Amino acid sequence: MEPILRVDHLTHTYSEGTPFERNAVEDMSLSVMPGEFLGIIGHTGSGKSTLIQHLNGLLKPTSGRVYLAGEDIWARPREIRRVRFRVGLVFQYPEYQLFEETAFEDIAFGPRNMGLDEKEIDQRVRSAAAFVGLEEDQLHRSPFELSGGQKRRVAIAGVIAMEPEVLILDEPTAGLDPNGREKILGQIRAYHRAKGNTVILVSHSMEEIARNVDRIAVLHRAHIYMDGTPAQVFARAKELTDIGLDVPQVTKVAHALRQRGIPVDGSVYTVEELQRQLLALKGGGGGC
Amino acid sequence: MLKDITLGQYFPGNTLIHRLDPRTKLLCVVLYIVALFCAKWFVSYGLVAAVLITCIRISRVKLKTMTKGLKTVYIIVAFTAVMNLFFTGGEPVADLPILRHISQAGIYAAVFMVLRIIMLIMGTFLLTYTTSPISLTDALDSLFSPLKKLHVPIHELTLMMSLALRFIPTLIEETDKIMSAQKARGADFESGNILRRARALVPILVPLFVSAFRRADELATAMECRCYHGGEGRTALHVLRYARRDFAALALFVLLVIAVIVLRRFGL
Ligand SMILES: Nc1ncnc2c1ncn2[C@@H]1O[C@H](COP(=O)(O)OP(=O)(O)O)[C@@H](O)[C@H]1O
Ligand SMILES: [Mg+2]
């Protein structure tokens with residue numbers, strides 16, 4: 001199968017030719033399959049936001065290429081807007097981009113730019129609002145009257161309403177309380193299941209990534225440091241902690257158990273899986 | 001990107017120029033400008049240019065950065081050059097098409113005007129490249145403090161200036177971010193007639209104003225929490241003090257002005 005997105009030896013240099021020159025992304029290569037749920041994790045400043053802004057053509061590579069469904073996105077620079085409708089990007093703290101008089105109108109901004117007719121726009125706004133759990137009366141309020149979590153959901157709906165083939169979210173849970181965080185993650189999961197579209201989730205929390213994605217790319221100092229399934233990545237827990245990233249708590253427990261001579265798999269990252277393995281070790285016996 | 005504008009940007013460093021007292025630098029720039037405007041002929045321009053180039057060399061600011069800053073004013077320079085070239089009276093240089101409208105005096109006027117503008121800009125850029133905005137406003141505060149006796153609110157004015165300087169990069173960054181976010185939703189700022197382009201600004205300006213007001217509000221609260229109560233009796237963390245190098249620098253620039261005025265008398 002052909003990857004929906006392919007990044008080929010991408011390098012991006014900010015402020016080229018000034019004393020502040022620096023490579024935020026260096027020689028990164030990455031493929032994303034259709035329908036895949038990819039997690040991108042890394043420290044603040046590791047280049048996550050810079051990388052994803054190349055995927056919809058907001059930033060132009062200093063060198064290297066980005067392919068969408070096999071086609072170089074910069075082959076026709078004049079039509080870069082089409083790429084942006086196909087690869088939807090939700091920025092970090094997206095609630096600061098709201099500007100319309102009602103939440104409905106704000107969500108409709110993207111579809112309207114696509115040149116859709118009013119009926120189609122109405123239908124898309126409603127379905128996007130349903131995905132993020134916004135209610136009818138909230139749609140007709142000013143976005144500035146909504147709570148922080150609701151504002152963010154309006155902003156996410158604004159991108160979902162364009163019905164992109166790839167949905168990218170840059171730290172969508174940053175600054176929310178645990179409750180709001182779980183709610184948004186649940187909605188993203190549900191969106192991925194219902195649509196079967198490609199979703200890329202950027203985060204710096206391992207717990208968050210571990211429970212949601214099919215594959216993880218670990219970014220470190222402008223490079224891709226690891227790329228694999230959660231099990232493959234967490235099996236290298238030592239290297240992750242060495243670069244200062246956390247591993248999920250259950251993975252830590254599993255590694256501690258192994259050190260005490262209990263032969264559980266070091267790459268578990270869900271409580272259920274560890275429980276299953278421990279029960280199996282006890283000799284397939286029933287409860288604890 | 002917007003951020004690449006280097007106009008008035010500070011490049012930290014630790015050279016002699018960076019270490020000079022900001023008041024000295026400010027006064028030296030004033031003296032330098034006076035010298036530049038008194039310069040009459042190549043000799044005096046050469047002298048001023050030599051001082052400028054020496055200062056740039058000492059400051060280790062790259063020549064590329066200097067010329068990059070000039071890019072924003074190329075058009076003005078070209079325009080004044082053409083105006084001076086064609087509209088200065090005098091003997092035409094030759095009786096040929098076009099050349100008929102150009103006098104020798106016009107050529108000199110154009111050359112000197114261009115030199116003057118470029119050197120003026122480079123001199124002031126060197127000041128902002130080597131002095132942080134905060135120490136510049138400290139310098140202004142200190143230099144203008146005698147006016148406080150006349151009840152001119154110098155402290156408030158310089159505070160406003162340093163806040164504005166502090167927030168310009170933040171606002172530019174914010175504008176960049178908001179523009180990107182709206183472009184990600186298919187906003188188009190580059191095509192259409194004037195009316196459409198003006199309308200396209202709404203999705204940028206509304207969030208920008210909202211965030212600017214929020215920031216201003218937060219800043220005011222933060223200042224009040226730290227008991228800010230105006231300039232009365234306020235002391236500075238970094239007290240400005242003139243050192244020997246400051247007197248040397250001032251003396252050098254006073255000499256420069258005197259030299260240029262003397263040269264002017266001899267028509268050089
Ligand atoms: N617009 C910009 N101009 C200059 N440098 C930038 C810009 N955006 C990011 N950087 C720098 O690039 C590096 C990577 O930033 P970013 O991609 O935002 O990382 P992350 O999203 O992983 O926190 C950082 O060191 C940051 O300071
Ligand atoms: Mg980021």
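What you see is a predicted model; the values in this text were computed from it and never measured.

**Quick look at the site of ligand 1**
- Around ligand 1, 12 residues are found, and the nearest of them are G45(A), G47(A), K48(A), S49(A) and T50(A).
- Around ligand 1 the close residues trace back to chains A and B.
- For ligand 1, an oxygen atom lies 2.6 Å from a polar atom in the backbone of G45(A).
- Contacts to ligand 1 include K48(A), whose backbone N or O atom sits 2.9 Å from an oxygen atom.
- In isolation ligand 1 has 560 Å² of accessible area, and contact with the protein removes 73% of it.
- Where the shell around ligand 1 is concerned, the elements lending two or more residues are strand 2 (22-32) and helix 1 (48-55) of chain A.
- Counting residues per element, the shell around ligand 1 draws most heavily on helix 1 of chain A, which supplies 3 residues.
- For the shell around ligand 1, the per-class residue count stands at 2 nonpolar, 7 polar and 3 charged.

**Thoughts on the interface of chain B and chain A**
- On the chain A side, the residues contacting the 24 residues of chain B number 28 residues.
- The junction of chain B with chain A conceals about 2,100 Å² of combined surface from both sides, 64% of it contributed by carbon and sulfur atoms.
- Three residues, A184(B), R185(B) and G186(B), lead the burial of chain B against chain A; their summed loss comes to 31% of the area buried on that side.
- The interface formed by chain B and chain A holds 1 salt bridge in total.
- Between chain B and chain A we count 4 residue pairs in polar contact (both at pLDDT 80 or more) in total.
- Those elements giving two or more residues to the side of chain B that touches chain A turn out to be helix 4 (63-70), helix 8 (154-184) and helix 10 (202-225) of chain B.
- Broken down by class, the residue content of the side of chain B that touches chain A amounts to 13 nonpolar, 4 polar and 7 charged.

**Re the packing of helix 3 (residues 103-113) of chain A against helix 6 (residues 148-160) of chain A**
Residue and element names in this part refer to chain A.
- Direction vectors running N to C along helix 3 and helix 6 enclose 35°, while the axes themselves pass 7 Å from each other. Classified by chirality, the crossing of helix 6 by helix 3 is right-handed. Contact residues: A103, D106 and I107 in helix 3; V154, A157 and G158 in helix 6.
- Residue composition of the contact of helix 3 with helix 6, by class: 4 nonpolar, 1 polar and 1 charged.

**Some remarks on unusual backbone geometry**
- Even without being a glycine, D27(A) presents a positive backbone phi close to 50°.
- Mapping D27(A) onto the fold places it in strand 2.

**Some words on the confidence of the model for chain B**
- Confidence along chain B averages 86 in pLDDT terms, with 97% of residues attaining 70 or more.
- Of all secondary-structure elements in chain B, the lowest mean pLDDT belongs to helix 4 of chain B, at 78, while helix 2 (residues 22-38) of chain B reaches the highest, 93.

**Some words on the nonpolar core**
- I107(A), L169(A), I216(A), V218(A), F234(A) and L240(A) are the most contacted members of the largest nonpolar core, which has 48 residues in total.
- If one sorts the elements of this core by residue count, helix 6 of chain A sits on top with 6 residues.
- Not counting the four nearest positions on each side in its chain, V218(A) is found in contact with I41(A), H223(A), I224(A), Y225(A), M226(A), V233(A), L240(A), I243(A) and L245(A).
- Membership of the second largest hydrophobic core comes to 35 residues, among which are I17(B), V48(B), F253(B) and V260(B).

**Side note on helix 2 of chain B**
Residues and elements named next belong to chain B.
- Under the 1.5 Å per step criterion, the end-to-end length of helix 2 is 24 Å for 17 residues, consistent within 8% with the ideal 24 Å.
- Taken together, the buried positions of helix 2 are P22, R23, T24, K25, L26, C28, V29, Y32, A35, L36 and C38.
- For helix 2, the elements touching its buried residues are helix 1 (16-19), helix 3 (42-59), helix 6 (104-130), helix 7 (133-144) and helix 11 (244-265).

**Quick look at the packing of aromatic side chains**
- Inspection of every chain in the model, using the stated rule, returns 15 aromatic pairs over all chains.
- Pairing F99(A) with F109(A) gives two aromatic rings, centres 5.0 Å apart and planes at 85°, and the pair type is edge-to-face. Linking F99(A) in the loop between strand 6 (87-90) and helix 3 with F109(A) in helix 3, this pair joins segments that are 10 residues apart in sequence.
- Pairing F42(B) with Y108(B) gives two aromatic rings, centres 6.3 Å apart and planes at 70°, and the pair type is edge-to-face. Here the residue F42(B) occupies a position in helix 3, and Y108(B) occupies one in helix 6, the gap between them amounting to 66 residues.
- Here the aromatic cluster, defined as three or more aromatic residues joined through ring pairs, consists of W41(B), F42(B), Y45(B), Y108(B) and F112(B).

**Brief notes about the state of the cysteines**
Residue and element names in this part refer to chain B.
- Evaluated as defined, the whole model comprises 0 disulfides over all chains.
- We note that C28 lacks a disulfide partner, and the nearest cysteine sulfur, in C55, lies 7.9 Å from it.
- Of all cysteine sulfurs, the one in C225 lies closest to C227, which takes part in no disulfide; the gap is 8.4 Å.

**A look at the sheet that holds strand 1 (residues 5-14) of chain A**
Residue and element names in this part refer to chain A.
- Taken in spatial order, the 4 strands make up an open sheet running 2-1-4-5, and their pairing is antiparallel. At either margin of the open sheet sits one strand with a lone partner, and together these are strand 2 and strand 5 (71-72).
- Both strand 4 (residues 63-68) and strand 5 contribute to a ladder of 2 bridges, which runs antiparallel. Paired with L68 across the strands is E71, a residue of strand 5.
- On the sheet, helix 1 packs against strand 1, strand 2 and strand 4 and is oriented at approximately 125° with respect to strand 1.

Analysis parameters
Residues numbered from 1 in each chain as written. Chains lettered and ligands numbered in written order. Predicted model: local features only at pLDDT ≥ 70, side-chain atom pairs only at ≥ 80, totals over all residues. Heavy atoms only, no water. Near = heavy atom within 4 Å. Polar contact = N/O pair within 3.5 Å; in protein donor to acceptor, adjacent residues only side chain to side chain. Areas by Shrake-Rupley, 256 points an atom, 1.4 Å probe, with all protein chains shown as cover. Helix = DSSP H or I, 4+ residues; strand = E, 2+ residues; numbered from the N terminus. Nonpolar A, V, L, I, M, F, W, Y, C, P; charged D, E, K, R; others polar. Contact = heavy atoms within 4.5 Å. Buried area = accessible area lost by both parts, 1.4 Å probe. Salt bridge = Lys/Arg side-chain N within 4 Å of Asp/Glu carboxyl O. Axes fitted to C-alpha atoms, helices over the stretch in contact; angles between N-to-C directions. Left-handed = near helix turned anticlockwise from the far one by under 90°. pLDDT = per-residue confidence, 0-100. Core = buried A, V, L, I, M, F, W, Y, C linked by side-chain atoms within 4.5 Å. Buried < 20%, exposed > 50% of the residue type's maximum accessible area, 1.4 Å probe, protein only. Expected span 1.5 Å × (residues − 1). Phe/Tyr/Trp six-rings, centres within 6.5 Å; stacked < 30°, edge-to-face > 60°. Disulfide = S-S within 2.5 Å. Pairing = 2+ DSSP bridges.

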